[in-house]
Amino acid sequence: MNLKYIKGGVCAASGFRASGIHVGVKTNNVDKKDLALIVADCACAAAAVYTKNVVKAAPLYVTKENLKNGRARAIIANSGNANACAPKGEENARKMCIAVSQELGICADDIVVASTGVIGQMLPVEVIENGTKQLVSKLSYDGSDDAALAIMTTDLTKKELAVEFEIEGKTVRIGAIAKGSGMIHPNMGTMLGFLTTDCAINPEMIQKALVAATNMSFNRVSVDGDSSTNDTLALLASGLSGNAEITQQNKAYEIFSEALNTICIELAKMVAADGEGATHLITCVVSGAGSEADAEGLSKSVISSSLVKAAMFGADANWGRVLCAMGYSGVEFDPNGVDVAFSSSAGRIVVCENGRGLLFDEELAKKILTEHEITIDIKINEGNASCTCWGCDLTYDYVRINGDYRS
């Protein structure tokens, strides 16, 4: 597949406008946008996946209800307040939908709603209702950047991507924005993510494709081991590209899925790299496993380990922590067949073979682990399956950021 990265974010796909403004959900900084809107020119096939945390934010319940028919027209999301475990949670989430529906003249049930921010505080829905008119007036086919900024909380970088490819001679695009920095751990999608496409695809197939893409991307990320109450990943398809509607798992579905997988993996890596206080993006590749499930379990355990994360922060090639994390993963494997290496743009160094330590150049190892992007390469030598997961280091700043998050 000939895949090309393009500009435009969620507005790259035909038929989508977006906007983002400050309305006052965030009271400590009037310069930070806190309300985002994405609107389709027509009814869309829609799909979503959510956190598996038993404690779920109110907007998730409203969105699930609204998407029962597999259709949607718009997405509204605020930052600064999670609307989770909060008084009048679902009522306020519905009020957000109603405010948008009244301004756009669409049904309130055709709207995805999401929130992110502090848990347990009542959402100041009045400022959202009062700001919706301006939010709608700012809608633009170039508005993805504003929407991406409006959903950020502790994120340091905007997460926005778009790709272009062909299905049956028709140009198809997928665009996306996401936020995620803390409370990131494999258990759904680990953040807020909104994707748009102009591919013609029915609700059943778009849901299937989104679940598969999530499982190999966002579900393989861990920043801190905490699964959020608000995780939502939603995808809207306008169908305006002109391809024959995808209604089964055929060649067109495979092409669309491959493109969706690619953009979700890249977004997941952005989320991991922007972990709260992070200085390193850690990629853990487990190969030679007996099954993909085993490889995933081992890789997730390594990138979730606080001791491994701390070692990477200190550029310490402490491979024993890697084997330790593998050992409590719940996956059965032979430790005596494990090889471990660390690599980066500065080089590659093997530190363990057959479960035993090797003499290695500590200075070279430190140089390798000082780079921003680090790979932990693990070979099990028991089969042909592999899996890649992503994480970040654990730094002093993570504690500082989360020690006074509410203030």
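Preceding this section is the structure that the text describes.
Here the residue index of a chain counts from 1 through its sequence in written order. Only residues with pLDDT of at least 70 get local features here, since the model is predicted, and only at 80 or more are side-chain atom pairs given and counted; chain-wide, interface and lining totals rely on the full set of residues. Each side-chain value is derived from all of the structure's non-hydrogen atoms; neither hydrogens nor water enter the calculation.

## Some details on the pattern of salt bridges
Move 1: Note on definitions: salt bridges are taken to be side-chain nitrogens of Lys or Arg within 4 Å of carboxyl oxygens of Asp or Glu. All chains considered together, the criterion is met by 15 salt bridges.
Move 2: The salt bridge partner of E91 is K95, with a shortest N-O separation of 3.4 Å. Taken as a pair, E91 and K95 lie in helix α2 (residues 89-104) at a separation of four residues, close to a single helical turn.
Move 3: Accessibility expressed as a relative area gives 28% for K95, which makes it partly exposed.
Move 4: The residue R173 makes a salt bridge to E164 at a minimum N-O spacing of 2.7 Å.
Move 5: Three or more residues joined by partner-sharing salt bridges are found here, namely R220, E292, E296 and K300. Secondary structure elements are taken from DSSP: a helix is a run of H or I of four residues or more, a strand is a run of E of two residues or more, and numbering for both begins at the N terminus. The buried label goes to any residue with under 20% of its type's maximum accessible area, the exposed label to any with over 50%, and the partly exposed label to all in between, with areas taken from a 1.4 Å probe on protein chains only.

## What to know about the sheet that holds strand β13 (residues 347-353)
Move 1: By this definition, two strands are paired if DSSP reports at least two bridges between them. Overall, mixed pairing links the seven strands, which are arranged β9-β16-β11-β15-β12-β13-β14 in an open sheet. Since the sheet does not close on itself, it has two edges, and those belong to β9 (221-222) and β14 (356-357), each with one partner.
Move 2: As paired elements, strand β12 (residues 339-344) and β13 share five bridges and run antiparallel to each other. Bridged to V340 within β13 is C352.

## Topic: the nonpolar core
Move 1: Residues L195, F256 and L260 are the most contacted members of the largest nonpolar core, which totals 40 residues.
Move 2: Among the elements of the structure, β3 (35-50), β6 (159-167), β7 (170-179), α5 (203-215), β10 (232-237) and α6 (251-273) are those that each provide at least two residues to this core.
Move 3: Here the element with the most residues in this core is α6; it accounts for 12 residues.
Move 4: Counting 37 residues, the second-largest nonpolar core is a separate cluster that includes A295, M312, A325 and C387. What makes a nonpolar core is a set of buried Ala, Val, Leu, Ile, Met, Phe, Trp, Tyr and Cys residues whose side-chain atoms join them at distances within 4.5 Å.

## So, the packing of α2 against helix α3 (residues 125-137)
Move 1: Angles here are taken between N-to-C directions and fall from 0 to 180 degrees, while the axes themselves are lines fitted to C-alpha atoms, restricted in helices to the stretch in contact. Remark: α2 packs on α3, axes separated minimally by 9 Å, with the N-to-C direction vectors making an angle of 25°. Judged by the angle between their axes, α2 and α3 are roughly parallel. Where α2 crosses over α3, the handedness of that crossing is right-handed. Judged by residue contacts, N92, K95, M96, A99, V100, E103 and L104 of α2 engage V125, I128, E129, T132, K133 and V136 from α3. An angle counts as roughly parallel when it lies under 35 degrees, as roughly antiparallel when it exceeds 145, as roughly perpendicular when it falls between 65 and 115, and as oblique in every other case. In this scheme the handedness of a crossing depends on how the near helix is turned from the far one: anticlockwise by less than a right angle means left-handed, clockwise means right-handed. Contact between two residues is taken to exist if any of their heavy atoms lie within 4.5 Å; hydrogens are not considered.

## Some words on the side chain of S19
Move 1: With respect to the helices and strands, the residue S19 is situated in strand β2 (residues 16-21).
Move 2: Residue S19 is classed as buried on the basis of its relative accessible area of 1%.
Move 3: Throughout this description, a polar contact denotes any pair of N or O atoms lying within 3.5 Å of each other; where both atoms belong to protein, one of them has to be capable of donating a hydrogen while the other can accept it, and for residues adjacent in sequence the pair is counted only when both atoms sit in side chains. Polar side-chain contacts of S19 include one of 2.8 Å to the backbone oxygen of L135.
Move 4: Leave out the neighbours within four places in its chain, and S19 touches L35, A36, L37, L135, K138, L139, G143, D146 and A147.

## Looking at the environment of R348
Move 1: With respect to the secondary-structure elements, R348 resides in strand β13.
Move 2: Sequence separation between R348 and I376 is 28 residues, and the spatial gap between their C-alpha atoms is 9.9 Å.
Move 3: Discounting chain neighbours no more than four positions away, the residues touching R348 are A341, F342, S343, I368, D377 and K379.
Move 4: Within the local environment of R348, its side chain forms a polar contact with the side chain of D377, the two groups lying 2.8 Å apart.

Function cannot be read off these values alone, since they describe shape.
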